[in-house]
Amino acid sequence: MDIAFDNSFYTAMEGFYAPAEAAVPPAPKLLIFNHALAASLGLETAGAGDDVLASIFSGQLLPGGANPLAFAYAGHQFGHFSSQLGDGRALLLGEIVAPDGARFDVQLKGSGPTPFSRNGDGKAAIGPVLREYLVSEAMAAMGVPTTRSLAAVATGDRVQRERAHPGAVLTRIASSHIRVGTFQFFAAHFGADHVVQLSDYCIRRHFPELAGAPNPHLALLDRVIGLQCELVAHWLGLGFIHGVMNTDNVAISGETIDYGPCAFMDRFALDTVFSSIDANGRYAYGRQPQIMHWNMARFAEALLPAIHAVDPEDVERAKELVTAVPERFRAAWFARMRLKLGLASADEADADLIDGLFGEIERLNVDFTSFFRALAMLLRGDAAMMEALLPEPDAMAAWIADWWAGLEREATGPVERAAAMDAVNPLYIPRNHLVEAALAAAEAGDMAPWMTLLEVVRQPYVARAGWETFAEPAPKDSAPYTTFCGT
């Protein structure tokens, strides 16, 4: 199998990475390969059997044209700055250019130690690999900007964590793996020249239209802030909790990256936390906008040397951009929620309606995902789904009346509006209890439940016969759900 690599970071950014090699796995076995994604990337896999795919995407066989490297980056982890992190268990094989001209990184995750491993083994267990594959593909199906998963390969070795687990390697596809933490590393260690070089590269690669701006580095800050506001609004609209929004997990491309202790909320609560290491709730569902704002402030700090080099007066403009983040996020959030609620146009009453909704569904302990599908069913004259979610049939009568009044200000008919709502409100998500059951079966050697769940979450919006259990809320007696980072 040939891969037409075109490795711009390797050739243009020497000193921003460390060359590295994958550990050779003893017995790689292909678990799954994303043929549809491969085709969209222009990867020619015809004639490549499972053994060849397993060998390439486990690190056993280095394809021609690859220039394997580990990225250098720093990061604020739970608010504390670590001046050197880097890819401790990931290896960029290279970059490819898709038929539409878009450039993507091809990265192995869990392929062994690198110069940045800090005494770690650099490997991954099958559970975190399959979790990231499943959730990232679900996010892509729901239209969320995200890294993608190309392959998962069992390595044939055992990875010791709290106990021994089967090892695996994920192949991750991303617009790039440049993070806020990448800028922080070079700002902290090398200064303005390196920050300018990194910013110029990011603009060429991701946002070439910004090159002609009076201060391209300021324009980059503005663009990344906008992308992050939209991304986090999209997360909140799906009940998604990233779980570890450290600055080294914030991609400047605006993609969701690093699916460690992530999960989707079942019954709504603003302070929901799933991560085992987030004892103080720093990255709780309701705090994600504030953390995004904090992360963008750190990005601005790292970019300031480059911004200042063009025009010292633009430092004040950078501060203004950071100050305006909450307002920009609020606008993105209201736009997202209007789509979910079937409201085609903005109105002064939207803020009270949207803010009031979350107080109500938290008070009533309502399943987040099912609620919005139930609202669309009300428009079709069917109240059964809503009544099943609420403790009493009229428990949200006042709020629903206000929502209905908002709908009546617009001309769209109820059936058309319900269809529009169903197109943005998923019926099927990676429900936590289903994910855990599928991962447990996969670790025991049975991939069938995981494969079925993957098929379901890749088609999140249209109800299908036989999939009813995948749309049901978590059992009411479910134990509190906890996720782990998987490192």
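Colleague: I tried to follow helix H4 (residues 126-141) on my own but got confused; where do I start?
Modeller: Counted at 1.5 Å a residue, the expected span for H4 with its 16 residues is 22 Å, and the 23 Å between its end C-alpha atoms agrees. Of all 16 residues in H4, 13 are buried; the element is thus mostly enclosed.

Colleague: Explanation requested: the packing of aromatic side chains in the structure shown.
Modeller: Taken as a whole, this structure holds 28 aromatic pairs when the rule is applied. Among the aromatic residues, ring-to-ring pairing joins Phe268, Tyr285, Phe329, Trp333, Phe358, Phe368, Phe371, Phe372, Trp399, Trp403 and Trp404 into one connected group. Taking the ring centre of Phe372 as reference, the NZ or CZ of Lys340 above it sits at 4.2 Å.

Colleague: Mind showing me how you'd approach the pattern of salt bridges here?
Modeller: Any two side chains of opposite charge can pair, so long as their charged atoms come close to each other. According to the stated counting rule, one finds 29 salt bridges in the structure shown. Salt-bridge contacts for Lys123 lead to Asp157; the nearest nitrogen and oxygen are separated by 3.1 Å. Of this pair, Lys123 sits in the loop between strand S7 (103-109) and strand S8 (124-125) while Asp157 sits in strand S9 (residues 148-160), and the two are 34 residues apart along the sequence. Overall, the relative accessible area of 17% leaves Asp157 in the buried class. With its nearest N and O atoms 3.6 Å apart, the salt bridge here joins Arg317 to Glu320. On the criterion of helical spacing, the pair formed by Arg317 and Glu320 is a turn pair, its members being 3 residues apart in helix H9 (residues 314-323). For Arg317, a relative accessible area of 37% puts it in the partly exposed group. Each of Asp6, Glu95, Arg103, Asp105 and Arg205 takes part in salt bridges that share partners, so that together they form one network.

Colleague: Teacher, can you tell me more about the packing of H4 against helix H16 (residues 432-443) here?
Modeller: Packed helix pairs are characterised by how far apart their axes lie and by the angle those axes make with each other. Where H4 meets H16, the axes come as close as 10 Å, and the angle between the chain directions of the two elements is 135 degrees. Judged by the angle between their axes, H4 and H16 are oblique. Our pair here, H4 against H16, has a crossing hand that is right-handed. Here Ile126, Gly127, Leu130, Arg131 and Leu134 of H4 lie close against H16, whose contacting residues are Val435, Glu436, Leu439, Ala442 and Glu443. Its residues assigned to classes, the contact of H4 with H16 shows 6 nonpolar, 1 polar and 3 charged.

Colleague: What exactly am I supposed to notice about helix H14 (residues 397-408) here?
Modeller: Given 3.6 residues to a turn, an α-helix orients residues that are three or four positions apart in the same direction. Taking 1.5 Å per residue, 12 residues should reach 16 Å; H14 reaches 16 Å between its end C-alpha atoms and fits that length. Those residues of H14 lying buried are Trp399, Ile400, Trp403, Gly406 and Leu407. The arc that holds the buried residues of H14, viewed along the axis, is 115 degrees, so those residues lie on one side. Facing away from the buried side of H14 by over 90 degrees, the exposed positions are Ala398 and Glu408. On its buried face, H14 is in contact with helix H10 (325-341), helix H11 (350-363), helix H12 (368-379) and helix H15 (414-422).

Colleague: What's the story with the nonpolar core in this structure? I'm lost.
Modeller: Nonpolar side chains tend to gather and get buried jointly when the protein is soluble and globular. Residues Phe183, Leu341, Phe371 and Trp403 are the most contacted members of the largest nonpolar core, which totals 136 residues. The element contributing the most residues to this core is helix H7 (residues 216-237), with 12 residues. Excluding anything up to four places from it in sequence, Phe183 contacts Ile178, Val195, Leu198, Ser199, Cys202, Leu220, Ile252, Phe299, Ala302 and Leu303.

Colleague: When you look at unusual backbone geometry in this model, what are you seeing that I'm missing?
Modeller: Glycine aside, the phi torsion of most residues is negative, and most peptide linkages are trans. The backbone of Asn119 sits at a positive phi, close to 70 degrees, despite the residue not being glycine. Structurally, Asn119 is set in the loop between S7 and S8. Although it is not a glycine, Asn365 adopts a positive phi angle of roughly 60 degrees. Mapped onto the elements of the fold, Asn365 is located in the loop between H11 and H12. Given the relative accessible area of 43%, Asn365 is considered partly exposed.

Colleague: It is not clear to me how the pairing of S7 should be interpreted in this structure. Could you clarify?
Modeller: Within a regular beta strand, the side chains point alternately toward one face of the sheet and then the other, so they alternate between its two faces. Along S7, 6 of the 7 residues are buried, which leaves the element largely enclosed by surrounding structure. Judged from the 7 bridges that link them, strand S6 (residues 90-97) and S7 form a sheet pairing that is antiparallel. By the bridge assignment for S7, Leu92 is matched with Gln107. Taking the residues between adjacent antiparallel strands as the criterion, S6 and S7 are bridged by 5 residues, where Gly101 takes a positive phi near 95 degrees. As paired elements, S7 and strand S10 (residues 164-174) share 5 bridges and run antiparallel to each other. Looking at the pairing, Asp105 lines up with Ala174 of S10.

Reading guide: rules and limits
Residues numbered from 1 in each chain as written. Predicted model: local features only at pLDDT ≥ 70, side-chain atom pairs only at ≥ 80, totals over all residues. Heavy atoms only, no water. Helix = DSSP H or I, 4+ residues; strand = E, 2+ residues; numbered from the N terminus. Expected span 1.5 Å × (residues − 1). Buried < 20%, exposed > 50% of the residue type's maximum accessible area, 1.4 Å probe, protein only. Phe/Tyr/Trp six-rings, centres within 6.5 Å; stacked < 30°, edge-to-face > 60°. Lys NZ or Arg CZ within 6 Å of the ring centre and 35° of its normal. Salt bridge = Lys/Arg side-chain N within 4 Å of Asp/Glu carboxyl O. Axes fitted to C-alpha atoms, helices over the stretch in contact; angles between N-to-C directions. Parallel < 35°, antiparallel > 145°, perpendicular 65-115°, else oblique. Left-handed = near helix turned anticlockwise from the far one by under 90°. Contact = heavy atoms within 4.5 Å. Nonpolar A, V, L, I, M, F, W, Y, C, P; charged D, E, K, R; others polar. Arc of directions from axis to C-beta. Core = buried A, V, L, I, M, F, W, Y, C linked by side-chain atoms within 4.5 Å. Pairing = 2+ DSSP bridges.

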